[in-house]
Amino acid sequence: MKTLKILTVVAIVALVGILASGVLNFGSTAMDENEIESAINDSNVTDQAPVRKGYDIGDKATDFNLKNVDGKMVSLKDYSDAQGFIIIFTCNHCPYSVAYEDRIIALDKEFKDQGYPVIAINPNNPEAYPEDSYDNMKIRAQNKGFTFPYLFDAGQKIYPQYGATKTPHVFLLQKEGANNVVKYIGAIDDNHKDAKAIKNDYLRDAVNNLINGKEIETTKTVAIGCSIKS
């Protein structure tokens, strides 16, 4: 009987030890998960779209035929007098795109007559973001007084060819014979919050270099903005 009591006590002690170990391990696991979640929440990385293969500097961009907000179809071949194109993938809802709208209008006014018109393309799926629907594009273009075509990438066929992942995302093209060659890819400038605080005016500098027959010093930058919604 005494032996049985001793075995019972030993078994109870062992069971308590196992339970205590499980509780400690569970608490440790939960803490690790909380640390990971905290690290993600504290990060400053913007929403990332999947990486897509697209154009690189020196590649020849294919033409497109997309519907403008005025109902007409627009292609690069329509611009017989252009020296190149400022292609900007943008949209209605993204706060980064909204922040850049006035600057995009200014770029078009500055460079259109010098042979480099802006062509804006909305790559988003309106089923994911109804604010980016074609009808809402027409309203946005009218309210803001867009001076450039604002095209709808129906079926999302064009932006993957370019490799755009953000709104806004810039692709600067230059005409070379019958080809439209990619010369700059990335951000419009280095400060989406304050146009007066820009230190690196990437796109404007790149276009001016092309106009003046100079090499572009910075040909690629990281586009900062909202992920394209598919």
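Note that the structure is a prediction, hence the values are computed from the model and not measured. (Residues numbered from 1 in each chain as written. Predicted model: local features only at pLDDT ≥ 70, side-chain atom pairs only at ≥ 80, totals over all residues. Heavy atoms only, no water.)

Glancing now at the sheet that holds strand S1 (residues 66–68). As summarised here, the arrangement of the seven strands in space is S2-S1-S5-S4-S3-S7-S8, forming an open sheet in which the pairing is mixed. Either end of the sheet is taken by a strand with one partner, and the two such strands are strand S2 (73–74) and strand S8 (179–186). Strand direction decides the pairing type here: strand S3 (residues 84–89) and strand S4 (residues 118–122), joined by four bridges, are parallel. Each bridged residue has a counterpart across the sheet, and for isoleucine 86 the counterpart in S4 is valine 118. Where helix H3 (residues 134–144) meets the sheet, its contacts fall on S1, S4 and strand S5 (150–152), and the angle it forms with S5 comes to roughly 175°. Where helix H5 (residues 202–211) meets the sheet, its contacts fall on S3, strand S7 (169–176) and S8, and the angle it forms with S7 comes to roughly 5°. (Pairing = 2+ DSSP bridges. Helix = DSSP H or I, 4+ residues; strand = E, 2+ residues; numbered from the N terminus. Contact = heavy atoms within 4.5 Å. Axes fitted to C-alpha atoms, helices over the stretch in contact; angles between N-to-C directions.)

Next up on the list: the nonpolar core. Ranked by internal contacts, the top residues of the largest apolar core, which has 28 residues, are Ile86, Ile88, Leu172, Ile188 and Leu203. Those elements giving two or more residues to this core turn out to be S3, helix H2 (95–111), S4, H3, S5, S7 and H5. Tallying contributions element by element places H2 first for this core, with five residues. Setting aside residues no more than four positions away along its own chain, leucine 172 makes contact with Phe85, Ile86, Tyr116, Val181, Val182, Lys183, Tyr184, Leu203, Ala206, Val207, Leu210 and Ile216. (Core = buried A, V, L, I, M, F, W, Y, C linked by side-chain atoms within 4.5 Å. Buried < 20%, exposed > 50% of the residue type's maximum accessible area, 1.4 Å probe, protein only.)

Position of asparagine 124 among the secondary structure elements: in the loop between S4 and H3. Along the chain, asparagine 124 and glutamine 156 lie 32 residues apart, while their C-alpha atoms are 7.2 Å from each other. The residues touching asparagine 124, leaving out its near neighbours within four places in the chain, are Cys91, His93, Asp132, Phe152, Gln156, Ser227, Ile228 and Lys229. A polar contact is formed between the side chain of asparagine 124 and the side chain of aspartate 132, at a distance of 2.9 Å. (Polar contact = N/O pair within 3.5 Å; in protein donor to acceptor, adjacent residues only side chain to side chain.)

Next up on the list: the environment of glycine 58. Its location among the elements puts glycine 58 in the loop between helix H1 (2–42) and S1. For glycine 58, a relative accessible area of 45% gives the class partly exposed. Among residues more than four places away in sequence, those in contact with glycine 58 are Val181 and Val182.

Okay, the state of the cysteines next. Applying the stated rule across the entire model yields one disulfide. Covalently, cysteine 94 is tied to cysteine 226 through a disulfide, its sulfur atoms 2.2 Å apart. An S-S torsion of about 85° defines the bridge between cysteine 94 and cysteine 226 as right-handed. Of this pair, cysteine 94 sits in the loop between S3 and H2 while cysteine 226 sits in strand S9 (residues 226–227), placing them 132 residues apart in sequence. (Disulfide = S-S within 2.5 Å.)

Before going further, it helps to examine the packing of aromatic side chains. Within the structure shown, the criterion is met by eight aromatic pairs. Arranged with centres 5.8 Å apart and planes meeting at 90°, the rings of phenylalanine 89 and phenylalanine 171 form a pair that is edge-to-face. Of this pair, phenylalanine 89 sits in strand S3 while phenylalanine 171 sits in strand S7, and the two are 82 residues apart along the sequence. With a relative accessible area of 0%, phenylalanine 89 lands in the buried category. Ring geometry for tyrosine 134 and phenylalanine 152: centres 6.4 Å apart, planes at 50°, overall tilted. With tyrosine 134 in helix H3 and phenylalanine 152 in strand S5, this residue pair connects regions lying 18 residues apart in the sequence. Each member of the pair, tyrosine 134 together with phenylalanine 152, is buried. Ring-pair connections join several aromatic residues into one group, and the members of that group are Tyr55, Phe89, Tyr162 and Phe171. (Phe/Tyr/Trp six-rings, centres within 6.5 Å; stacked < 30°, edge-to-face > 60°.)

This part covers the confidence of the model for the protein chain. Of the residues in the protein chain, 77% have a pLDDT of 70 or more, and the chain-wide mean is 83. Within the model, the stretch residues 1–51 combines pLDDT values under 50 with 15 contacts to residues more than four positions away or in other chains. (pLDDT = per-residue confidence, 0-100.)

Regular strands have side chains that alternate between both faces of the sheet. Most of S7 is tucked away, with six of its eight residues classed as buried. Two elements, S3 and S7, share six bridges in a ladder whose sense is antiparallel. Paired with isoleucine 87 across the two strands is phenylalanine 171, which belongs to S7. Looking at chain direction, S7 and S8 are connected through seven bridges and run antiparallel. In the sheet register, leucine 173 faces S8, and the bridge partner there is valine 182. Linking S7 back to S8 in an antiparallel pair, the connection comprises two residues, with glycine 177 at a positive phi of about 70°.

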